[in-house]
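Close look at the chain arrangement
Each chain, letter by letter, is given below.
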Amino acid sequence: MSYRRTRAIFVKELRHIVRDMRSLAAALALPLLYLTLFGYALSLDVDQIPTMVRDADNSSASHDLIQQFRGSRYFNIVGYVDSDREEERAIDQTRALMIISIPRDYSRKLPTGIATPVQLLVDGSDSNTASIALSYADSLISTYALKMRTHGENHPASSYSGSPVDAQLRVWYNSSLESRNYVVPGLIAVVLMIIATFLTSLTIAREWEMNTMEQLLSTPVRPGEIALGKMLAYFVVGGVDMIVAVLAALFLFHVPMRGSFLLLAFTSCLFLFGALLWGIFISSKARSQAVAFQLGALTSFLPAMQLSGFIYSIETMPAPIRILTYIVPARYFLAIVKGIFLKGVGIRILWQEILFLTAYGVFVFIQTARSMRQKVA
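As the structure is a computational prediction, the values presented were derived from the model and not from experiment. (Residues numbered from 1 in each chain as written. Predicted model: local features only at pLDDT ≥ 70, side-chain atom pairs only at ≥ 80, totals over all residues. Heavy atoms only, no water.)

Within the chain one finds 15 helices and four strands. Expressed as a percentage of its 377 residues, the buried residues of the chain come to 42%. Intrachain contacts of the chain at a sequence separation of at least 6 include 78% that bridge at least 24 residues. Element-wise, carbon and sulfur atoms account for 60% of the exposed surface of the chain, whose accessible area totals about 20200 Å². (Helix = DSSP H or I, 4+ residues; strand = E, 2+ residues; numbered from the N terminus. Buried < 20%, exposed > 50% of the residue type's maximum accessible area, 1.4 Å probe, protein only. Contact = heavy atoms within 4.5 Å. Areas by Shrake-Rupley, 256 points an atom, 1.4 Å probe, with all protein chains shown as cover.)

Turning next to the nonpolar core. The tendency in soluble globular proteins is for nonpolar side chains to be buried side by side. Counting residues in each nonpolar core, the largest one holds 70 residues, and the members touching the most others are Leu35, Ile188, Phe333 and Phe341. Among residues more than four places away in sequence, those in contact with phenylalanine 341 are Pro185, Ile188, Val246, Ala249, Leu250, Val255, Pro256, Met257, Arg258 and Leu264. In terms of nonpolar packing, the next biggest core, distinct from the first, is built from 21 residues, Ala61, Leu65, Leu97 and Tyr106 among them. (Core = buried A, V, L, I, M, F, W, Y, C linked by side-chain atoms within 4.5 Å.)

Considering all chains together, one arrives at seven aromatic pairs under this definition. Measuring from centroid to centroid gives 3.9 Å for tyrosine 332 and phenylalanine 356, while their planes differ by 25°, and the two rings are stacked. Here phenylalanine 356 lies in helix α15 (residues 347-376) and tyrosine 332 lies in helix α14 (residues 329-343), a separation of 24 residues in the sequence. When its relative accessible area of 13% is taken as the criterion, tyrosine 332 is described as buried. Among the aromatic residues, those joined into a cluster by ring pairs are Tyr332, Phe356 and Tyr360. (Phe/Tyr/Trp six-rings, centres within 6.5 Å; stacked < 30°, edge-to-face > 60°.)

This part covers unusual backbone geometry. Phi angles above zero are rare outside glycine, and asparagine 58 is one such case at about 50°. Following the sequence through the fold, asparagine 58 ends up in the loop between β1 (49-55) and α3 (60-70). Within the chain, threonine 94 stands out as a residue other than glycine whose phi angle is a positive 55°. Within the fold, threonine 94 resides in the loop between α4 (84-92) and β3 (98-102). Residue class for threonine 94 comes out exposed when judged on its relative accessible area of 61%.

Attention now goes to the environment of alanine 196. Among the structural elements, alanine 196 can be located in helix α7 (residues 179-200). On a C-alpha basis, the gap between alanine 196 and glycine 238 in space is 6.4 Å, while along the polypeptide they are 42 residues apart. Excluding residues that lie within four positions of it along the chain, alanine 196 makes contacts with Leu272, Ala275 and Leu276.

Okay, the environment of alanine 130 next. Among the secondary structure elements, alanine 130 is positioned in helix α6 (residues 127-151). For alanine 130, a relative accessible area of 7% corresponds to the buried category. As for alanine 130 and isoleucine 49, which are separated by 81 residues in sequence, their C-alpha atoms are 9.7 Å apart. If sequence neighbours within four positions are ignored, alanine 130 has contacts with Val122, Asp123 and Gly124.

Here the focus is the environment of histidine 63. Looking at the element boundaries, histidine 63 is found in helix α3. Separated by 39 residues in sequence, histidine 63 and isoleucine 102 have C-alpha atoms that sit 9.9 Å apart. Ignoring any residue separated from it by four or fewer positions in sequence, one finds histidine 63 in contact with Asp55 and Asn58.

As summarised here, the arrangement of the four strands in space is β2-β1-β3-β4, forming an open sheet in which the pairing is mixed. Two strands in the sheet have a free side with no partner beyond their single neighbour: β2 (75-80) and β4 (119-122). Adjacent strand axes in the sheet meet at a mean angle of 30° when their direction is disregarded. Note that β1 and β3 share five bridges and pair parallel. Pairing of arginine 54 across the sheet is with serine 101, part of β3. Strands in contact with α4 are β1, β2, β3 and β4; relative to β3, the strand with the most contacts, it is inclined by about 160°. (Pairing = 2+ DSSP bridges. Axes fitted to C-alpha atoms, helices over the stretch in contact; angles between N-to-C directions.)

Before going further, it helps to spend a moment on the pairing of β1. Extensive coverage of β1 is indicated by the burial of five of its seven residues. Pairing of β1 with β2 involves five bridges; the strand directions are parallel. Counted as the bridge partner of isoleucine 49 is phenylalanine 75 from β2. Handedness of the crossover joining β1 and β2 through α3 is recorded here as right-handed. (Right-handed = clockwise from strand over helix to strand, strands pointing away.)

The values reported here are purely geometric and, on their own, carry no functional implication.
Encoded structure:
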């Protein structure tokens with residue numbers, strides 16, 4: 001491996017990147033564009049659930065219960081219904097996601113300690129949102145019922161049958177439970193994987209289409225030096241993209257940064273090294289830019305979005321898919337970014353992920369050099 005030859009390829013490719021100002025501007029703007037779009041559009045928070053009430057009791061006790069829902073940020077009381085037909089129509093027309101149905105004898109049963117059912121009707125067409133809405137409502141009603149039994153004026157304390165345990169929750173790492181703090185660090189990993197692969201997946205294929213690859217291979221430059229030199233040129237662009245993404249997370253989305261910037265920079269370099277070389281490997285296999293672009297999308301965008309744990313929990317995936325996620329580098333960088341941003345953990349916790357990214361980068365570099373050597377043959 002010659003430093004001079006590698007540097008020559010690096011300078012040549014960097015000049016090509018700088019001359020193509022439109023592509024360079026797009027490469028630098030895409031991370032910020034993706035972060036802005038996904039950061040604001042992709043929200044896992046379930047709040048302000050449109051809710052309607054059917055109050056058959058119409059008493060001060062039922063009004064008090066309704067007020068509990070009004071005072072919660074998770075529910076938005078949008079109206080009242082009086083019949084089964086109106087309930088069905090409200091859900092069919094998506095005017096309400098949930099309907100609270102209070103029975104006629106609610107206020108009479110409540111002081112006696114007898115179980116007082118309150119019916120919750122939920123639109124299950126969106127199963128995830130429906131289950132979260134039910135969990136919120138059940139927790140609110142249970143807390144309210146416990147308070148009423150404990151402090152009720154008409155119910156003796158000696159007959160209290162509630163739980164003697166007062167469970168108090170404390171949320172670590174994301175105490176405000178804002179999905180933005182979870183989504184944006186994950187987006188950094190996903191966006192970098194996509195951008196890095198797209199940046200380099202066309203470079204070798206473009207050389208073949210422009211009939212300049214044969215001239216390059218006829219020089220003393222070795223295949224490994226070609227791959228490394230081209231990768232380093234795009235590494236500069238990827239590094240700028242990483243800085244833009246981190247600054248956007250800190251100052252645009254106000255994601256807390258609890259860990260080390262140096263560790264984040266080091267692991268980002270490891271990740272970019274492997275991702276950029278993967279794009280070059282794809283480009284070396286395809287002599288057409290169209291084919292290289294399609295392969296890049298198939299092997300970067302889909303795994304990064306679907307199999308990294310960014311959107312779907314890996315633990316809930318079928319066993320064969322879970323096994324497949326172990327070869328997705330975005331999975332490991334996602335864990336590193338979230339660990340550094342939200343938990344402030346260091347190498348002692350993240351050493352396995354760092355080791356995988358290192359091994360992945362070395363493996364892809366060897367395969368890329370071998371693939372280009374086969375092209376020469």
